[in-house]
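Residue-level listing of the chains:
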Amino acid sequence: MRSSRSTRPPWEVRGSPIQGLGVFAVRRIARGARIIEYTGERITHQEAAERYDDRMERHHTFLFTVDETTVIDAAQEGNEARFINHACDPNCEAVNEDGRIFIEAIRDIAPGEELTYDYNLEREGPYRASWKRIYVCRCGAPSCRGTLLASQPERRRKNRPEGARKRGTTV
């Protein structure tokens, strides 16, 4: 007989002090553990641009860039991974493995702790003043950079290899 612990995920979705809903550990999650796959409708960058634009009062999409041609829109056919919030000092990271996005723990995560990863959002073209308002960060970390946008060195880095590290285990 299987225990209910092994069939239940090690997290739950509930209200977050960072933003809206968040994902929280309900039991210890070990460093390196693969927590959840980020799923949703796979669309082109053009379709993503048509669905969401700069007329938003603040950034609120569930888009995840997979590669040069594919974006995942978790608002369509997505799962609970879409509720994992951004933090400038995260406890998870997104790993691209053969075009699939997985959220993995980069350190041990205690029960009750909110799961977060650094969105490192990138925008085309010159910086716009409206982005400060649209992409404001509310993570509260001492090292908070104040934005969901990638830091300047990240923005300059080209063709950053994704998933180029040891793979974790699945929880």
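See the structure above.
What this report covers is the structure whose coordinates are included nearby. These figures come from a predicted structure and were not determined experimentally.

How each quantity is defined
Residues numbered from 1 in each chain as written. Predicted model: local features only at pLDDT ≥ 70, side-chain atom pairs only at ≥ 80, totals over all residues. Heavy atoms only, no water. Pairing = 2+ DSSP bridges. Helix = DSSP H or I, 4+ residues; strand = E, 2+ residues; numbered from the N terminus. Axes fitted to C-alpha atoms, helices over the stretch in contact; angles between N-to-C directions. Core = buried A, V, L, I, M, F, W, Y, C linked by side-chain atoms within 4.5 Å. Buried < 20%, exposed > 50% of the residue type's maximum accessible area, 1.4 Å probe, protein only. Contact = heavy atoms within 4.5 Å.

Right, let's talk about the sheet that holds strand E4 (residues 41-43) for a bit. Strand order in the open sheet formed by 3 strands is E4-E6-E5, with antiparallel pairing between adjacent strands. Taken across any chain shown, the strands that pair with only one partner, and hence form the sheet edges, are E4 and strand E5 (63-65). Between one strand axis and the next, the sheet turns by 30° as a mean value, whatever way the strands run. Strand direction decides the pairing type here: E4 and strand E6 (residues 71-73), joined by 3 bridges, are antiparallel.

This brings us to the nonpolar core. Core analysis: the largest hydrophobic core is formed by 23 residues, its most contacted members being Ile29, Ile35, Tyr38, Ile109 and Leu115. Of all the elements in the fold, those that place two or more residues in this core are strand E2 (21-25), strand E3 (33-38) and strand E9 (100-105). Per-element tally for this core: the top contributor is E3, with 4 residues. Beyond its immediate chain neighbours, meaning those up to four positions away, Tyr38 contacts Phe62, Leu63, Phe64, Ile72, Ala74, Asn79, Ala81, Arg82, Ile101 and Tyr117. Among the nonpolar cores identified, the runner-up in size contains 11 residues, and Cys88, Trp131, Tyr135 and Ala141 belong to it.

Moving on to the pairing of E3. In summary, the side chains of a regular strand alternate between the two faces of the sheet. Counted residue by residue, E3 has 6 buried out of 6 residues, so it is predominantly covered. Where E3 meets E9, 4 bridges bridge the pair, whose relative direction is antiparallel. Each bridged residue has a counterpart across the sheet, and for Glu37 the counterpart in E9 is Phe102.

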